[in-house]
Amino acid sequence: MSSEKKGLFDWYFKSNLLIRIFIGLVAGALVGIIFGESIAWLNPLGSILVSLLKMIVMPVILATLVVGAASIKPSTLGKVGVKIIVFYLITSAFAVAVGLLMGNIFKPGLGLALGSAADTAGKVLTQPKFMDTLIAIIPKNPFGAIASGQVLPTIFFAILLGIAISFLRDSKDSRIQKSAETIFAVFDGLAEAMYLIVNGVLQYAPIGVFALIAVVFGKQGASAVGPLGTVTLAAFLGYVLHVAIVYTVILMVNRISPKKFFKGARAPMVTAFVTRSSSGTLPVTMKAMDENFGVSKNVYSFTLPLGATINMDGTAIYQGVCALFIGFAIGMPLSFGQQITVIVTAVLASIGTAGVPGAGAIMLLMVLNSVGLPVEAGTPVAAAYAMVLGIDAILDMGRTAVNVTGDMTGTLVVAKSEKQVDESKI
Ligand code: ASP
């Protein structure tokens, strides 16, 4: 190996990971803008990062949730559970309201008059039924759920298994008690091994990030202008306001330093932004909660996977903005009553949204349906929907970063109220 090559190699592994990721991001954007669509060949390099992160997701969720539920007394688990779910729901409702506010201020799509452009309609996607999503949380076959990467059913099963183990660890029968400790140790060991793998995977992140960003910018270029520019602006302003006001106020009220929070939360936020997957970011989020804030594993191993699945504040903001955009674009602005409906359905839709790229755009269909704007082939609604679908990659980056930030805020607040956090770090 030449000394120059060795120098680069050394630099790569010795320099700060976040700086490397940031360099990958900026360089990717520049390369994408310069080379345009022709840069699509970089795609596999980005897919490798997404695959690596996905690879560790299911084992991490299973191991950490079982360990989490098993190391906590059932009474405490109940308290943490109720607190975090209430937190997630209330902040999600706030988020849709922020999205609607932005949509009403910016009025994206106003004057587009897509009513006459119906023939440009986009593809139709099947609308998921919310009730079915709820029932599907109970896995018919837990092993099947784990094998096929269904997060909610796996969470459901892992929590039950963990609770059962936690009861058995208390058993008076020494045989049962001993076997419960053994199975607990197995999951604990698996969780530790997964964290080690996460560290290795992160070394690849800067390269994967470079490729992911280059492809997105190559496709969208600087040409996402006009109404779509307004949608993007409204959505991103909503994301920023939600983080800067709602989360910051919540942190301050709970006497958690926003400055320390945002410093410690940077890595998961950046990872979420570039991978567009809350689930994929999960290992990084857990690491940050553990190392940067000293949150007890009992809390974060439960609240974070749950949050990555049901708490989607960024997605809720996006749905608020886009529902209004589509209303304006087809010349039928949403009434006040319709906007209230959007708040309710967008909260439900964000719960049902999987933490993977693009999932929020599918759930937007559910929101549109609720206000009488079904996406059907050849209709103006479909045309407007196709427009926002076209820039989904960009909108998804911001909303995923907010989603993950919300999970971290909730986790810290609940951990603090349960005295399960290192006070000197917040
Ligand atoms: N990509 C988002 C996430 O993983 C979900 C969405 O598409 O809204 O959090």
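Moving on, we come to the pattern of salt bridges. As enumerated under the stated definition, the model contains 8 salt bridges in all. Residues Glu 418 and Lys 79 are paired through a salt bridge, measuring 3.9 Å at the closest nitrogen-oxygen approach. Here the residue Glu 418 occupies a position in the segment after α19 (392–417), and Lys 79 occupies one in helix α4 (residues 74–106), the gap between them amounting to 339 residues. With relative accessibility at 48%, the residue Lys 79 sits in the partly exposed group. As a salt-bridge pair, Lys 287 and Glu 291 come within 3.8 Å of each other at their nearest N and O atoms. One end of the pair is Lys 287 and the other is Glu 291, both in helix α13 (residues 278–293) and 4 residues apart, which spans about a single turn. The exposure class of Glu 291 is partly exposed, given its relative accessible area of 46%.

What follows is about the site of the ligand. For the ligand, the set of nearby residues contains 17 residues, the closest of which are Ser 278, Thr 315, Gly 360, Asp 396 and Arg 399. For the ligand, an oxygen atom lies 2.6 Å from a polar atom in the side chain of Thr 315. Thr 400 is positioned such that a nitrogen or oxygen atom in its side chain is 3.1 Å from a nitrogen atom of the ligand. The protein chains hide 100% of the 270 Å² of surface that the ligand would expose on its own. At the level of secondary structure, the elements contributing two or more residues to the shell around the ligand comprise α17 (359–370) and α19. In terms of residue count, α19 provides more of the shell around the ligand than any other element does, 4 residues in total.

Scoring rules and cut-offs
Residues numbered from 1 in each chain as written. Predicted model: local features only at pLDDT ≥ 70, side-chain atom pairs only at ≥ 80, totals over all residues. Heavy atoms only, no water. Salt bridge = Lys/Arg side-chain N within 4 Å of Asp/Glu carboxyl O. Helix = DSSP H or I, 4+ residues; strand = E, 2+ residues; numbered from the N terminus. Buried < 20%, exposed > 50% of the residue type's maximum accessible area, 1.4 Å probe, protein only. Near = heavy atom within 4 Å. Polar contact = N/O pair within 3.5 Å; in protein donor to acceptor, adjacent residues only side chain to side chain. Areas by Shrake-Rupley, 256 points an atom, 1.4 Å probe, with all protein chains shown as cover.

These results come straight from atomic positions and should not be treated as a statement about function.
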